[in-house]
Amino acid sequence: MATDTRVILICSGKGGVGKTTLTANLGISLARQGLTTAVLDADFGLRNLDLLLGLENRIVYTAQEVLEEECRLDQALVKHKQESNLSLLPAGNPRMLDWLKPDDMKRIVDMLKEQFNYVLIDCPAGVEDGFKNAMAASQEAIVVTNPEVSAVRDADRVIGLLNTNAIKPVQLVLNRVRPKMMANQEMLSIDDVTDILALPLLGLVLEDEQVIVSTNRGEPLTLNSVNSPAAKCYLNIAKRLQGEDIPLIDPVEESSGFGAKFRKLMQTKIF
Amino acid sequence: MNSIPQKIIVNIEDSKYLSWKLCLINKLKSLKSTNIEIDCKNLDLSCTDILEIISIAKENNCEIIGFCSTSLKTIVSSQSLGCKSQFIIENNSNETLKINEKSLTFSKTYFHQGTVRSGEYIESSGDLLILGDVNPGAKVSAEGNIIIWGRLLGIAHAGNKGNSQATISALQLRPVQLRIAKKVARGPKEKPQIGLAEQARIDSEEIIISPLETS
Ligand SMILES: Nc1ncnc2c1ncn2[C@@H]1O[C@H](COP(=O)(O)OP(=O)(O)O)[C@@H](O)[C@H]1O
Ligand SMILES: [Mg+2]
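If you're wondering where the values come from, they're calculated on a predicted model, not measured in any experiment. The residue numbers shown here count from 1 along each chain, following its written sequence. Each chain gets a letter, beginning with A, and each ligand a number, beginning with 1, in the order they are written. This being a predicted model, a pLDDT of at least 70 is required before a residue's local features are given, and a value of 80 or more before pairs of side-chain atoms are given or counted; all residues contribute to the totals for chains, interfaces and linings. Processing note: side-chain calculations cover all non-hydrogen atoms of the structure and skip hydrogens and water entirely.

### Observations regarding the overall build of chain B
Then comes step 1: Only DSSP runs of H or I covering at least 4 residues are called helices, and only runs of E covering at least 2 are called strands; the numbering of each starts at the N terminus. Counting its secondary structure elements, chain B contains 4 helices and 15 strands.
Then comes step 2: Here the term buried applies to any residue with accessible area under 20% of the maximum for its type, exposed to any over 50%, and partly exposed to those in between, with areas from a 1.4 Å probe on protein chains only. Counting the 215 residues in chain B, one finds 48% classified as buried.
Then comes step 3: For chain B, the accessible area works out to roughly 11,400 Å², and carbon and sulfur atoms hold 49% of it. Here the open area of atoms and residues is found with the Shrake-Rupley method and a 1.4 Å probe, where only the protein chains shown may cover a residue.

If you want it as structure tokens, here you go:
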């Protein structure tokens, strides 16, 4: 039995910023470090964590049957084919949203805590019941955002709610960073984002076409394409989560030619 | 081994002296080459006053390591000049508030500590004091003045029941929108000057923004 399980909520406010992709890749990366990890799909409305992990066809039971005591937890957990330290607890059908209460989420997470080092909760978008249920069961949180004004605004809203609910630490992942656009000031700079959100930056993830390819294949990037730019970012985030002191990836090196411009950009504000 | 410099606190509000300036000069005469912290008590000092204190200290070979005060105006002034500043809320905070309020027209000050984030709304039926940033998407509103010890990037409405004397002050005033009484203005586009606190008020029917003068 794992004693100090870390239960981490992966949330964003806005949809489509990369929560599910981060959950899947972080799950793989942590599992590869030898940590038993459960990923819980709390996005009952738009479940797709199973798809990203390529486990869709192996789901028999879901969190719903566990809660209704129609099956045991270990019957519902789907173990990953290649990374046996990683298991998925699939979301039930969307109608669960009608009756699910914060206490139900807590019950599920308490069960997972008995077996795993990490529990990652893939949170639905928005700040309504789905988010609140998932938050109730979490201890700490990772807020995912993009360098866009609307995504940052929504992340800020979510951070306010996490703070009032005493979730901590709350750390930031800035996803879909494009050094070229940042250099041209067509995108918010890293400073612009951290300035507003005032959170420690757990990591950056570069924009990477490979993410889309891997999503379609149902193989998270970190599983097979460890050398792609985004995969390195995900691996670093997992290591930092474990307390390793890894310097932030320098987008300059990932996209040579923008060196000086980008460095200058890190110091300017365009808000 | 004595790596922590000795700190001496100089209280510049002393009824023995006619003004804080005389008080400071006299007290510094007896101290040479020391690190001092200036306790401004409840004096309301402007940026000019703070600069003067710094230059008086220099003349007396003293190094100021910080200011403390129970007056928010003083703290905003010293903070905006980049000095280490500590806002003191006295134990008997009700009484302190009453003293400070004698000069103000409003009865209650609402304090909020921490960042006001997107979607959050804070309201006061008196003055409103925020120690932290007001982020884009957040809104703060008060019947009296609004003082933000941080950046104002969201929306602020001072004098929300019609008081057109109300002001909005912030270390950095770059809101989406400003309202004072019934007047509405959009925030300025140009970047703020670093290190100068700013204040918005109504002057001949227009909302104007100028560097904060507190006296
Ligand atoms: N770093 C990235 N580079 C390129 N595409 C990305 C990146 N991160 C996410 N995406 C794409 O963005 C879309 C939304 O991602 P997803 O993880 O499903 O977001 P969410 O769970 O927050 O709704 C997906 O199509 C995904 O492939
Ligand atoms: Mg998702």
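### Things to note about the sheet that holds strand β13 (residues 183-186) of chain B
Residues and elements named next belong to chain B.
Then comes step 1: At least two DSSP bridges between two strands are needed for those strands to be called paired. Pairing is mixed across the open sheet formed by 5 strands, whose spatial order is β6-β8-β10-β12-β13. Strand pairing shows two members of the sheet lacking a second neighbour, β6 (121-124) and β13, which therefore form its edges. Neighbour-to-neighbour, the strand axes of this sheet turn through a mean angle of 10°, independent of strand direction.
Then comes step 2: Bridging between strand β12 (residues 177-180) and β13 involves 4 bridges; their strand directions are antiparallel. Across the sheet, Leu178 pairs through a bridge with Ala185, a residue of β13. Orientation is described by lines fitted to C-alpha atoms, with helices fitted over the stretch in contact, and by angles between N-to-C directions that extend from 0 to 180 degrees.

### Topic: the site of ligand 1
Residue and element names in this part refer to chain A.
Then comes step 1: Residues are classed as near a molecule or strand on a simple rule: at least one heavy atom within 4 Å of it. Close to ligand 1 lie 16 residues; Gly16, Lys19, Thr20, Thr21 and Asn175 are nearest.
Then comes step 2: Between ligand 1 and the protein, one listed contact pairs a nitrogen atom with a backbone N or O atom of Leu206 at 3.0 Å.
Then comes step 3: Between N or O atoms, a polar contact is any pair within 3.5 Å; within protein, one atom must be a potential hydrogen donor and the other a potential acceptor, and residues adjacent in sequence are included only when both atoms are from side chains. Between ligand 1 and Asp208, the relevant distance is 3.0 Å, taken from a nitrogen atom to a main-chain nitrogen or oxygen of the residue.
Then comes step 4: The protein chains hide 83% of the 560 Å² of surface that ligand 1 would expose on its own.
Then comes step 5: Counting only elements with at least two residues in the shell around ligand 1, the list comes to α1 (19-32), β7 (170-177), β8 (201-206) and α11 (209-217).
Then comes step 6: Residues are sorted three ways: Asp, Glu, Lys and Arg are charged, Ala, Val, Leu, Ile, Met, Phe, Trp, Tyr, Cys and Pro are nonpolar, and all the rest, Gly among them, are polar. The residue inventory of the shell around ligand 1, partitioned by class, reads 5 nonpolar, 7 polar and 4 charged.

### Some points on the interface of chain B and chain A
Then comes step 1: Here, two residues are considered to be in contact whenever any of their heavy atoms come within 4.5 Å of each other. Counting residues at the interface gives 10 residues for chain B, matched by 11 residues for chain A.
Then comes step 2: Around 950 Å² of area is buried between chain B and chain A when both sides are counted, 41% of it from carbon and sulfur atoms.
Then comes step 3: Any Lys or Arg side-chain nitrogen found within 4 Å of a carboxyl oxygen on Asp or Glu counts as a salt bridge. The tally of links between chain B and chain A comes to 2 salt bridges.
Then comes step 4: Arg117 of chain B is the salt-bridge partner of Asp156 of chain A, the closest N and O atoms lying 2.7 Å from each other.
Then comes step 5: On the surface where chain B and chain A come into contact, there are 7 residue pairs in polar contact (both at pLDDT 80 or more). Summed over both partners, the accessible area lost on bringing two parts together, with a 1.4 Å probe, is the buried area.

### Here we look at the confidence of the model for chain B
All names here are of chain B.
Then comes step 1: A score from 0 to 100, pLDDT tells how confident the predictor is in each residue. On average, residues of chain B carry a pLDDT of 83, and 85% of them reach 70 or more.
Then comes step 2: Ignoring residues within four places in sequence, the model shows residues 92-106, a span with pLDDT below 50, making 19 contacts including any to other chains.
Then comes step 3: Both scores are available for the predicted complex, with the pTM at 0.74 and the ipTM at 0.73.

### Describing the pattern of salt bridges
Residues and elements named next belong to chain A.
Then comes step 1: Inspection of every chain in the model, using the stated rule, returns 19 salt bridges over all chains.
Then comes step 2: Note that Asp74 and Arg72 form a salt bridge whose closest N and O atoms lie 3.3 Å from each other.
Then comes step 3: For Asp74, a relative accessible area of 45% translates into the label partly exposed.
Then comes step 4: Among the charged side chains, a network of salt bridges with common partners joins Glu69, Asp104 and Arg107.

### Quick word on helix α10 (residues 190-197) of chain A
Residue and element names in this part refer to chain A.
Then comes step 1: For α10, the set of buried residues is Ile190, Asp192, Val193, Ile196 and Leu197. Summarising the axial view, the buried residues of α10 lie within an arc of 165°, below the 170-degree limit, and thus occupy one face.
Then comes step 2: The first or second residue beyond α10 is Ala198, which carries a positive phi of 50°. Relevant arc is that of directions from the helix axis to the C-beta atoms, nothing else.

### A look at the sheet that holds strand β2 (residues 35-39) of chain B
Residue and element names in this part refer to chain B.
Then comes step 1: With parallel pairing, the 4 strands of this open sheet are ordered in space as β1-β2-β3-β4. With one partner strand each, in any of the chains shown, β1 (7-11) and β4 (85-87) form the two edges of the open sheet. Taken over all neighbouring pairs, the strand axes of this sheet differ in orientation by 25° on average, direction set aside.
Then comes step 2: In this sheet, β2 lies alongside β1 in parallel orientation, the contact comprising 5 bridges. Looking at β2, one finds that Val10 is bridged to Ile38.
Then comes step 3: The strands touched by helix α1 (residues 20-29) are β1 and β2; relative to β1, the strand with the most contacts, the crossing angle is about 145°.
Then comes step 4: Seen against the sheet, helix α3 (residues 72-80) touches β3 (63-69) and β4 and runs at an angle of roughly 160° to β4.

### Quick word on the packing of helix α8 (residues 149-164) of chain A against α10 of chain A
Residues and elements named next belong to chain A.
Then comes step 1: Running from N to C, α8 and α10 point in directions that differ by 30°, and their axes come no closer than 10 Å. Put simply, α8 runs roughly parallel to α10. For the element pair α8 and α10, the recorded crossing hand is right-handed. Here α8 contributes Val152, Ala155, Asp156 and Ile159 to the contact with α10, which in turn contributes Val193, Ile196 and Leu197. Here is the rule for angles: anything less than 35 degrees is roughly parallel, anything more than 145 is roughly antiparallel, 65 through 115 is roughly perpendicular, and the remaining ranges are oblique. By the definition used in this description, the sense in which the near helix is turned from the far one sets the handedness, with an anticlockwise turn below a right angle giving left-handed and a clockwise turn giving right-handed.

### Quick notes on the pairing of β12 of chain B
Moving residue by residue along a regular strand, the side chains alternate between the two faces of the sheet.
Residues and elements named next belong to chain B.
Then comes step 1: Burial along β12 is one-sided: Leu178 and Ile180 are buried, and none of Gln177 and Arg179, which face the opposite way, are.
Then comes step 2: Relative to β12, strand β10 (residues 155-158) is paired through 4 bridges, and the arrangement is parallel. Looking across to β12, one finds that Ala158 is bridged to Ile180.

### A closer look at the confidence of the model for chain A
Close inspection of predicted coordinates is inappropriate for parts of the model with low pLDDT.
Then comes step 1: Residue-level pLDDT values for chain A average 90, and 90% of them are 70 or greater.
Then comes step 2: A low-confidence stretch, residues 267-271 of chain A (pLDDT under 50), is modelled with 16 contacts involving residues beyond four sequence positions or located in other chains.

### Observations concerning the packing of aromatic side chains
All names here are of chain B.
Then comes step 1: Note on aromatic contacts: the rings of Phe and Tyr and the six-membered ring of Trp form a pair at centre separations within 6.5 Å, being stacked when their planes are under 30 degrees apart, edge-to-face when over 60 apart, and tilted otherwise. Evaluated as defined, the whole model comprises 1 aromatic pair over all chains.
Then comes step 2: Summarising the aromatic geometry, the rings of Phe87 and Phe111 are spaced 6.4 Å apart at their centres and angled 35° between planes, so their arrangement reads as tilted. Here Phe87, found in strand β4, pairs with Phe111, found in strand β5 (residues 109-113); they are 24 residues apart in sequence, far enough to count as distant.
Then comes step 3: The exposure class assigned to Phe87 is buried, which follows from its relative accessible area of 16%.

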